[in-house]
Amino acid sequence: MDQRLIFDIAHLLAGGLVLISFLLLYQDRMFGLLNMFALHAFVLSLSVAWQAFAQHAPHLYITAAIALGLKAIAIPILLHRVVIRLDIHREIETVGGIGLTMLLGIGLVALSMVVMLRVTEGADRLAREDLALALSVVLLGFLMMVTRRNAVGQVVGFMSLENGLILAAAGAKGMPLVVEMSVAFSVLVAILVIGIFLFRIRERFDTVDMHALDRFRGERA
Amino acid sequence: MALIFDIATQGVQMVLVLSLAPLLTGFVRKVKARLLRRKGPPLLQPYRDLLRLVRKDVVLAENASWLFRAAPYLIFAATWVAASLVPTFAAGLTFSWAADLIAITALLGSARFFLALAGMDVGTSFGGIGSSREAMFATLAEPAMIMMVFTVALLVGSTQLSTFSSFMASPDVGLRVSLAMALVALVIVAIAENGRIPVDNPATHLELTMVHEAMVLEYSGRHLAVIELAAQLKLLLYASLIACLFVPWGLARAEAGARELAIGGLAYFLKLTVLGLLLGIFETAIAKMRVFRVAEFLGIALMLGLLGTLLLFVSRSL
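What comes next is a walk through the structure. What you are looking at is a predicted structure, and each value in this text was computed from that prediction instead of being measured.

### Side note on the overall build of chain B
Part 1 of the argument: Per the secondary structure count, chain B includes 11 helices and zero strands.
Part 2 of the argument: In chain B, the succession of helices and strands from N to C terminus is α-α-α-α-α-α-α-α-α-α-α.
Part 3 of the argument: Relative to the 2.2 N^0.38 estimate, which gives 20 Å for 318 residues, the radius of gyration of chain B is 20 Å and therefore close to what a compact globule would have.
Part 4 of the argument: For chain B, the spread of C-alpha atoms along the three principal axes comes to 60 × 45 × 45 Å.
Part 5 of the argument: A burial count over chain B gives 53% of its 318 residues as buried.
Part 6 of the argument: Considering only intrachain contacts with a sequence separation of at least 6, the fraction spanning at least 24 residues in chain B is 83%.

### With respect to helix α3 (residues 66–85) of chain B
Residues and elements named next belong to chain B.
Part 1 of the argument: Between its first and last C-alpha, α3 extends 29 Å over 20 residues, near the 28 Å set by a 1.5 Å rise per residue.
Part 2 of the argument: In the structure, α3 departs most strongly from a straight axis at Pro72, where the bend amounts to approximately 25 degrees.
Part 3 of the argument: If you check which residues of α3 are buried, you get Leu67, Phe68, Ala71, Pro72, Ile75, Phe76, Ala78, Thr79, Ala82, Ala83, Ser84 and Leu85.
Part 4 of the argument: Tucked into the core, α3 has its buried residues touching α1 (2–35), α4 (101–121), α6 (161–169) and α9 (221–246).

### As for the interface of chain B and chain A
Part 1 of the argument: Between chain B and chain A, the residue contacts involve 19 residues of the former and 25 residues of the latter.
Part 2 of the argument: Here chain B meets chain A over a buried area of about 2,000 Å², counting both sides, of which 76% is carbon and sulfur.
Part 3 of the argument: Between the two partners, chain B and chain A, sit zero salt bridges.
Part 4 of the argument: Here chain B is connected to chain A by two residue pairs in polar contact (both at pLDDT 80 or more).
Part 5 of the argument: For the side of chain B that touches chain A, the elements supplying multiple residues, two or more each, are α7 (177–193) and α11 (294–312) of chain B.

### Overview of the pattern of salt bridges
All names here are of chain B.
Part 1 of the argument: Summed over the entire model, instances satisfying the criterion amount to seven salt bridges over all chains.
Part 2 of the argument: Across the salt bridge formed by Arg112 and Glu142, the nearest N and O atoms sit 2.2 Å from each other. Of this pair, Arg112 sits in helix α4 while Glu142 sits in helix α5 (residues 125–156), and the two are 30 residues apart along the sequence.
Part 3 of the argument: The buried category is assigned to Arg112, whose relative accessible area is 8%.
Part 4 of the argument: With a relative accessible area of 29%, Glu142 lands in the partly exposed category.
Part 5 of the argument: Through salt bridges that share partners, Arg112, Glu142, Glu193 and Lys234 make up one connected network.

### Brief notes about the side chain of Gln13(B)
All names here are of chain B.
Part 1 of the argument: If you trace the backbone, Gln13 turns up in helix α1.
Part 2 of the argument: Classification of Gln13 by relative accessible area gives buried; the value is 0%.
Part 3 of the argument: A polar side-chain atom of Gln13 sits 2.6 Å from a polar atom in the side chain of Thr88.
Part 4 of the argument: If we ignore the near neighbours within four places in the chain, the residues touching Gln13 are Ala83, Ser84, Leu85, Val86, Thr88, Phe89 and Leu93.

### Some details on helix α5 (residues 125–147) of chain A
Part 1 of the argument: Between its first and last C-alpha atoms α5(A) spans 33 Å; for 23 residues at 1.5 Å apiece the expected length is 33 Å, and the two agree.
Part 2 of the argument: Buried residues dominate α5(A), accounting for 17 of its 23 residues.

### A look at a nonpolar patch on the surface
Residues and elements named next belong to chain A.
Part 1 of the argument: Together, Leu39, Phe42, Leu46, Leu68, Ile73 and Ile77 give the surface a local cluster of nonpolar side chains, amounting to about 490 Å² of exposed area.
Part 2 of the argument: At the level of elements, α2 (30–55) and α3 (59–86) are the ones that each hand at least two residues to the nonpolar patch.
Part 3 of the argument: Here Ile73 lies in helix α3.

### Remarks on the nonpolar core
Part 1 of the argument: In this structure, Phe22(A), Ile104(B), Met148(B), Leu186(B), Tyr238(B), Leu241(B) and Leu245(B) are the most contacted members of the largest nonpolar core, which totals 149 residues.
Part 2 of the argument: Per-element tally for this core: the top contributor is α9(B), with 17 residues.
Part 3 of the argument: Excluding residues within four positions of it along the chain, Tyr238(B) makes contact with Leu108(B), Met145(B), Leu186(B), Val189(B), Ala190(B), Glu193(B) and Asn194(B).
Part 4 of the argument: Of all hydrophobic cores here, the second largest spans eight residues; its members include Ile6(A), Ile9(A), Trp50(A) and Ala54(A).

### Some remarks on the packing of α1(B) against α3(B)
Residue and element names in this part refer to chain B.
Part 1 of the argument: Contact pair α1 / α3: the axes reach a minimum separation of 9 Å and the direction vectors enclose 120 degrees. Classed by the angle they form, the pair α1 and α3 counts as oblique. As for how α1 packs across α3, the hand of that crossing is right-handed. From α1, Gln10, Gln13, Met14, Val17 and Leu18 reach across to α3, where they touch Phe76, Trp80, Ala83, Ser84 and Leu85.
Part 2 of the argument: Considering only residue class, the contact of α1 with α3 consists of seven nonpolar, three polar and no charged.

Procedures and definitions
Residues numbered from 1 in each chain as written. Chains lettered and ligands numbered in written order. Predicted model: local features only at pLDDT ≥ 70, side-chain atom pairs only at ≥ 80, totals over all residues. Heavy atoms only, no water. Helix = DSSP H or I, 4+ residues; strand = E, 2+ residues; numbered from the N terminus. Rg over C-alpha atoms; globule rule 2.2 N^0.38 Å. Buried < 20%, exposed > 50% of the residue type's maximum accessible area, 1.4 Å probe, protein only. Contact = heavy atoms within 4.5 Å. Expected span 1.5 Å × (residues − 1). Bend = angle between axes of the 7 residues up to and from the residue. Buried area = accessible area lost by both parts, 1.4 Å probe. Salt bridge = Lys/Arg side-chain N within 4 Å of Asp/Glu carboxyl O. Polar contact = N/O pair within 3.5 Å; in protein donor to acceptor, adjacent residues only side chain to side chain. Patch = residues over 30% accessible without salt bridge, like charges linked within 9 Å, V, L, I, M, F, W, Y side chains within 5 Å. Areas by Shrake-Rupley, 256 points an atom, 1.4 Å probe, with all protein chains shown as cover. Core = buried A, V, L, I, M, F, W, Y, C linked by side-chain atoms within 4.5 Å. Axes fitted to C-alpha atoms, helices over the stretch in contact; angles between N-to-C directions. Parallel < 35°, antiparallel > 145°, perpendicular 65-115°, else oblique. Left-handed = near helix turned anticlockwise from the far one by under 90°. Nonpolar A, V, L, I, M, F, W, Y, C, P; charged D, E, K, R; others polar.

This is the structure:
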């Protein structure tokens, strides 16, 4: 297959992932957020599968399948249920100005490109592009965790951050399968723990707004 | 001889955009009416409206200044020049080498500037509201447009529309996510600039939400006719811009023969039909948004433009 086309499709998928990270930041409805996260994971699995094809690395297909099954299907359904049981599915949260968050996000993308393109000088073109975009997704996930007040929003931010890590891992050649499996399962454990925590927080404070925790610790709200 | 031919082609283009502009507006209205299962006005109705307006007397407000009378012609002239710079059926027309995409943006910006001034000139409250809203939208739409221009210019290495459309038609272009983002940004800007439905409703006269219609509320007679024609030209201009930047197939090359020009004309007509249909369907399917949401809507365009430009740095040029 044409080398340029292979690169273009990888770029398209990774760029799409960055775009969906922005949509996650933009989304202020709970179910919209979860659906968008499922899309994020779906595009990730496509991207990883394409990397498997481009690098002739069959074990990456397993990573893609895990991403698809676990993060695009299982975790969104789980979070859906949690949201319904916590009865917060009609909540709309606005954190700061959406415009400011977007500009910060653009700044982070620019930062990650400047950093990654300098650091990976001389590496393979496909890997460079992949790492730069993966770092953007990670930083956008961080930004989302910082700006969201709702615990579920923060969980989604954390998960999208982890998607960025998987994208980076898929771009780097020679990542052993064992590592990826353990990462995937640790994420699954994390979501269970977080799910339990959500209920505990809610029991204790009657809300999943993180400002309640700040007040509880004696900080100014 | 070649020069005469070139100038003739350019003349055809200028007349073509002017004569097709009301037709496009009429077509979009017809599509919208048919989608609502109404019959809708005939396709030629915008021409009749313009004729009727030209025949009527102008009613001027007592305190209207010379600016109020001059503005329609200035707006029309700027828009017409901008529209004749966009390659419609043939690339490499004589005028298109005189100005690039940034110049077109500037021409449209000055047209808007005069429109906003004319809205405030008489001193009615409606005009003032319209002008201030128009200015608010423009502060977001124009940077988004410029970012979109930068995205395509970085890719092609030129801001010339003819160069760009020939690049887009060549296989070099490949599959680029930045171009998709630029396309969406341009569509959003086009919707906002033409006051189409999610941003402004071109069919109302009685609501506090109107923007463009509020500014031209005081105009009548031939002034109104000229302003309406300028607005229709602007719609055609954006449609041609989208067609020439992102679907340049069928566009006649520079130094093309008569046959190629005819194919180009036919392709242009088809593209306009498809874009008009899409606009009609989109407008029927969507509800008008609140004025204060428009900033967010245009913010998306700006963000897409910025992101598209950034993503270019990690694309094939690595």
